[in-house]
Amino acid sequence: MGTPHHHTLVALPAHPIGYDLVLIWQIPCYAALILGYMSHIIADCATKSGVPLFYPYSAPCVFPGNAKYRIKTGSTGEGCLLIGLLLMLLIFLPILHMGGIWQSFRYLMATPSAAYANYRRADTETILTFEGRWRHTREHVRGEGVILDAKPAMFWIIVNGRVQTCGEHGAILPDKVRVRETDRPVKIQIRQLKDETYEQLVNQIPENSLVSGQLKSSDTFSPGRETPNAITIAPRSLKFQFAQKENISRLQPILQNLSEREKNLSEEILRICEKLEISKRTYPPIHYLKLRRMEQELTEKKQKIEILKRAQVRFSGTLFIRILGDTF
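Worth saying up front: this structure is predicted, and the values here are computed from it rather than measured. (Residues numbered from 1 in each chain as written. Predicted model: local features only at pLDDT ≥ 70, side-chain atom pairs only at ≥ 80, totals over all residues. Heavy atoms only, no water.)

Participant: What is the right way to look at the environment of Ile205 in this model?
Facilitator: Tracing the sequence through the fold places Ile205 in the loop between helix H6 (198-203) and strand S7 (209-217). Note: C-alpha distance between Ile205 and Gln244 (39 residues apart in sequence) is 9.1 Å. Apart from residues no more than four positions distant in its own chain, Ile205 is found in contact with Val211, Lys245, Ile248 and Ile321. (Helix = DSSP H or I, 4+ residues; strand = E, 2+ residues; numbered from the N terminus. Contact = heavy atoms within 4.5 Å.)

Set out below in structure tokens:
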């Protein structure tokens, strides 16, 4: 039990300093000792003799008021109480490790809304553990994947190297979903593009990454090839949503109606050449200034077609690049 003056409010602030003066520089440790000391005093209040909590006032502080409900020091009841407190500690330690009672409750619920609430509070990379069915085949599926983005009824995750959606309107219809935090930070690189070619764009994308963002083009263009998944094309813009470098590289945008433009310029050059030949053979001879203007126009058309053959679509905008770990 100790001497009476050790169980008073007067000794409470200074008591831990007596153990180690260094603790005054370590606030969490100091606070832990204060709380531990207070719990010790409260536990002693539940004994038969109580404690002089308001020393030097000698009247003991006890609870409950009826002595038969209080514990005798060294009795079997004290041992049972100690065992009960230890069991409570074993129960609450895992809960505290999971982030508290409410987060543990949400984890046990395993619903999309509860998982989303846990995802929102996380500041590191998170893993979604899911169990459910594929929307189209109705086959059972279970697994886990890194969460790329989420909203209350939908998660975007990467599973076996592919981006999947899990939620009410996703490819995976979940029965149970849980969010687990990791100690890995979320790695996102931001790329600002200004009037750059598509080749330059692709070269800036690291391997093992996913790209999101929207780019505006300098001119109207067409895909050139089949449009891969996760890429949306408008006449003068590109939109990526967790697109992989492989898919981005597969797309090769070209200027819209490029062959038609080249054809029109070639026809104009041919007409000027014919007109120029006819003018040179006319009699009386055409004025040399008129011939020079025709030759100059022919040169300009030839330059335009050479520029058009080398022309590339250029893009400007912002890309958000999510760097993934080797595991996924």
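Participant: Can you walk me through the pairing of strand S10 (residues 237-244) in this structure?
Facilitator: Look at any regular strand and the pattern is simple: side chains alternate between the two faces of the sheet. As judged from the six bridges shared by S7 and S10, these two strands associate in the antiparallel manner. Bridging from a neighbouring strand, Leu215 pairs with Leu238 of S10. In this structure, the hairpin formed by strand S9 (residues 231-234) and S10 is closed by a connection of two residues. (Pairing = 2+ DSSP bridges.)

Participant: I tried to follow the sheet that holds S7 on my own but got confused; where do I start?
Facilitator: The strands making up a sheet associate through backbone hydrogen bonding, with each pair oriented either parallel or antiparallel. On the basis of which strands lie adjacent, the open sheet formed by five strands has the order S6-S12-S7-S10-S9 and antiparallel pairing. Edge strands, defined here as strands with exactly one partner in the open sheet, are strand S6 (187-197) and S9. Across the sheet, the mean angle from the axis of one strand to that of its neighbour is 10°, orientation sign disregarded. (Axes fitted to C-alpha atoms, helices over the stretch in contact; angles between N-to-C directions.)

Participant: Help me understand unusual backbone geometry in this model?
Facilitator: Phi at Ala230 takes a positive value of approximately 70°, unusual for a residue other than glycine. Positionally, Ala230 belongs in the loop between strand S8 (221-222) and S9. Under the relative-accessibility criterion, Ala230 is labelled partly exposed at 31%. In the Ramachandran plot, Phe242 falls in the positive-phi region, its phi being about 55° despite a non-glycine side chain. (Buried < 20%, exposed > 50% of the residue type's maximum accessible area, 1.4 Å probe, protein only.)

Participant: Even after reading the chapter, I still don't get the pattern of salt bridges, so can you show me in this structure?
Facilitator: A side chain with one charge may pair with a side chain of the opposite charge, provided their charged atoms come close. Enumeration over the complete set of coordinates arrives at seven salt bridges. Between Arg180 and Glu144 there is a salt bridge; the shortest N-O distance is 3.0 Å. Here Glu144 lies in strand S2 (residues 140-151) and Arg180 lies in strand S5 (residues 172-181), a separation of 36 residues in the sequence. The class of Glu144 is partly exposed, set by a relative accessible area of 35%. Three or more residues joined by partner-sharing salt bridges are found here, namely Glu125, Arg184 and Arg322. (Salt bridge = Lys/Arg side-chain N within 4 Å of Asp/Glu carboxyl O.)

Participant: Help me understand the nonpolar core in this model?
Facilitator: Note on soluble globular proteins: their nonpolar side chains tend to be buried together. Membership of the largest hydrophobic core comes to 20 residues, with the highest contact counts inside it found for Tyr198, Leu201, Leu238, Phe240 and Ile248. Those elements giving two or more residues to this core turn out to be H6, S7, S10 and strand S12 (314-323). Element by element, the count of residues in this core is highest for S12, at four residues. Once residues within four sequence positions are removed from consideration, Tyr198 is found in contact with Leu238, Ile248, Leu251, Gln252, Pro253, Val313 and Phe315. Of all hydrophobic cores here, the second largest spans 15 residues; its members include Tyr116, Phe130, Ile147 and Val179. (Core = buried A, V, L, I, M, F, W, Y, C linked by side-chain atoms within 4.5 Å.)

Participant: Can you walk me through the confidence of the model for the protein in this structure?
Facilitator: For any part of a model where pLDDT is low, the fine detail of the predicted coordinates should not be relied upon. Averaged over every residue, the pLDDT of the protein is 77; residues scoring 70 or more account for 64%. Low confidence marks residues 95-99, where pLDDT is under 50. Its contacts with residues over four positions away, or in another chain, come to six contacts. (pLDDT = per-residue confidence, 0-100.)

Participant: Would you mind showing me how to read the side chain of Ser217 here?
Facilitator: Among the structural elements, Ser217 can be located in strand S7. A polar atom in the side chain of Ser217 sits 2.6 Å from the backbone oxygen of Asp219. (Polar contact = N/O pair within 3.5 Å; in protein donor to acceptor, adjacent residues only side chain to side chain.)

Participant: Explain the environment of Ser212 to me, please; I cannot follow it from the model alone.
Facilitator: Inspection of the secondary structure assignment puts Ser212 in strand S7. Taking the C-alpha atoms as reference points, Ser212 and Phe320, 108 residues apart in sequence, are found 5.2 Å from one another. Reaching out from Ser212, the side chain makes a polar contact with the backbone nitrogen of Phe242 at a distance of 3.1 Å.

Participant: Quick question: what am I supposed to make of the packing of aromatic side chains here?
Facilitator: The way to describe two aromatic rings as a pair is by their centre distance and the angle between their planes. For the structure shown, the criterion picks out four aromatic pairs. Summarising the aromatic geometry, the rings of Tyr119 and Phe155 are spaced 6.4 Å apart at their centres and angled 80° between planes, so their arrangement reads as edge-to-face. Here the residue Tyr119 occupies a position in helix H5 (residues 112-121), and Phe155 occupies one in strand S3 (residues 154-159), the gap between them amounting to 36 residues. Residue Phe155 is classed as buried on the basis of its relative accessible area, which comes to 1%. Here a set of aromatic residues connected by ring pairs shows up, and it is made of Tyr116, Tyr119 and Phe155. (Phe/Tyr/Trp six-rings, centres within 6.5 Å; stacked < 30°, edge-to-face > 60°.)

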